[in-house]
Amino acid sequence: MKDSLEKDRKFHVGEERFGRNDMGYRDETKVVQIGKRQIGGGNPILIQSMCNTKTEDVKATVEQILALEHAGCDIIRVAVPTMEAAAALTEIKRQIHIPLVADIHFDYKLAIAAMEHGADKIRINPGNIGSRDRIQAVVDVAKERNIPIRVGVNSGSLEKELVENCLLYTSDAADDGE
């Protein structure tokens, strides 16, 4: 009886076990390799944080990452807004012990450079990377190097009309609930 109830239980933050959510069971998800760590497929949940240092400042970035490692961080993400930041990943990688994720905006060449300099995963927003050819160039390098890509999309990279329509539908749905 408990097992059948367990399968129907919704995900709630703070529960000891996570149960079923709209995406299925946690252990039914695809396993993704990030450096020497794995997420998905029933693997333990990993803690990720993001540095608030300038990635180009290798010393400050490494100090912050090592402190986060000590606090229990399993994966670290850094901003890569310049080619200098992408190049800094090589030295940062040498000095840390957890997978390094490069957060890329606007320039597909930064994504490629980040992967060439050791990023274990990249986070891109295809809406601000540019043309399909540019996105394909990033995907090709990631496939060649077996580097996962996290796709993040926010309203700032979507066409204004699409955002307005989504907001309209969201507003209508909220009004229906009152």
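Further up the page is the structure itself.
**Let's talk about the sheet that holds strand 7 (residues 149-151)**
For sheets, the rule is that strands pair by backbone hydrogen bonds, running either parallel or antiparallel.
For step 1, the next point in the chain: Spatial ordering of the open sheet is given by 3-4-5-6-7, a layout of 5 strands whose pairing is parallel. Since the sheet does not close on itself, it has two edges, and those belong to strand 3 (48-50) and strand 7, each with one partner. When the angles between neighbouring strand axes are averaged without regard to direction, this sheet yields 25 degrees.
For step 2, the next point in the chain: Together, strand 4 (75-79) and strand 5 (100-103) form the strand contacts of helix 3 (residues 83-95), whose direction differs from that of strand 5 by roughly 170 degrees.

**Some points on the environment of Lys93**
For step 1, the next point in the chain: Counting through the fold element by element, Lys93 comes out in helix 3.
For step 2, the next point in the chain: Taking the C-alpha atoms as reference points, Lys93 and Val58, separated by 35 residues in sequence, lie 10.0 Å from one another.
For step 3, the next point in the chain: Setting aside anything within four residues of it in sequence, one finds Lys93 in contact with Leu100, His117, Gly118 and Asp120.

**Here we look at the packing of helix 3 against helix 4 (residues 108-116)**
For step 1, the next point in the chain: Their axes nearest at 8 Å, the elements helix 3 and helix 4 cross at an angle of 15 degrees. With respect to their mutual orientation, helix 3 and helix 4 come out roughly parallel. For the element pair helix 3 and helix 4, the recorded crossing hand is right-handed. Judged by residue contacts, Met83, Ala86 and Leu89 of helix 3 engage Lys109, Leu110, Ala113 and Ala114 from helix 4.

**Some remarks on unusual backbone geometry**
For step 1, the next point in the chain: With a phi angle near 75 degrees, Phe106 is a residue other than glycine that sits in the positive phi range.
For step 2, the next point in the chain: With respect to the element layout, Phe106 can be found in the loop between strand 5 and helix 4.
For step 3, the next point in the chain: Of note in the backbone geometry, Asn146 takes a positive phi value of approximately 60 degrees without being a glycine.
For step 4, the next point in the chain: Checked against the element boundaries, Asn146 lands in the loop between helix 6 (132-145) and strand 7.

**Description of the pattern of salt bridges**
For step 1, the next point in the chain: For the structure shown, the criterion picks out 6 salt bridges.
For step 2, the next point in the chain: One salt bridge connects Glu63 with Lys59, and the closest N-O pair in it is separated by 2.7 Å. Taken together, the positions of Glu63 and Lys59, both in helix 2 (residues 58-70) and 4 residues apart, correspond to about one turn of that helix.
For step 3, the next point in the chain: The class for Glu63 is partly exposed, based on a relative accessible area of 45%.
For step 4, the next point in the chain: Accessibility expressed as a relative area gives 61% for Lys59, which makes it exposed.
For step 5, the next point in the chain: Among the salt bridges present, the one from Arg77 reaches Asp103, with a minimum N-O distance of 2.5 Å. Remark: Asp103 occurs in strand 5 and Arg77 occurs in strand 4; sequence separation between them is 26 residues.

Definitions and cut-offs
Residues numbered from 1 in each chain as written. Predicted model: local features only at pLDDT ≥ 70, side-chain atom pairs only at ≥ 80, totals over all residues. Heavy atoms only, no water. Pairing = 2+ DSSP bridges. Helix = DSSP H or I, 4+ residues; strand = E, 2+ residues; numbered from the N terminus. Axes fitted to C-alpha atoms, helices over the stretch in contact; angles between N-to-C directions. Contact = heavy atoms within 4.5 Å. Parallel < 35°, antiparallel > 145°, perpendicular 65-115°, else oblique. Left-handed = near helix turned anticlockwise from the far one by under 90°. Salt bridge = Lys/Arg side-chain N within 4 Å of Asp/Glu carboxyl O. Buried < 20%, exposed > 50% of the residue type's maximum accessible area, 1.4 Å probe, protein only.

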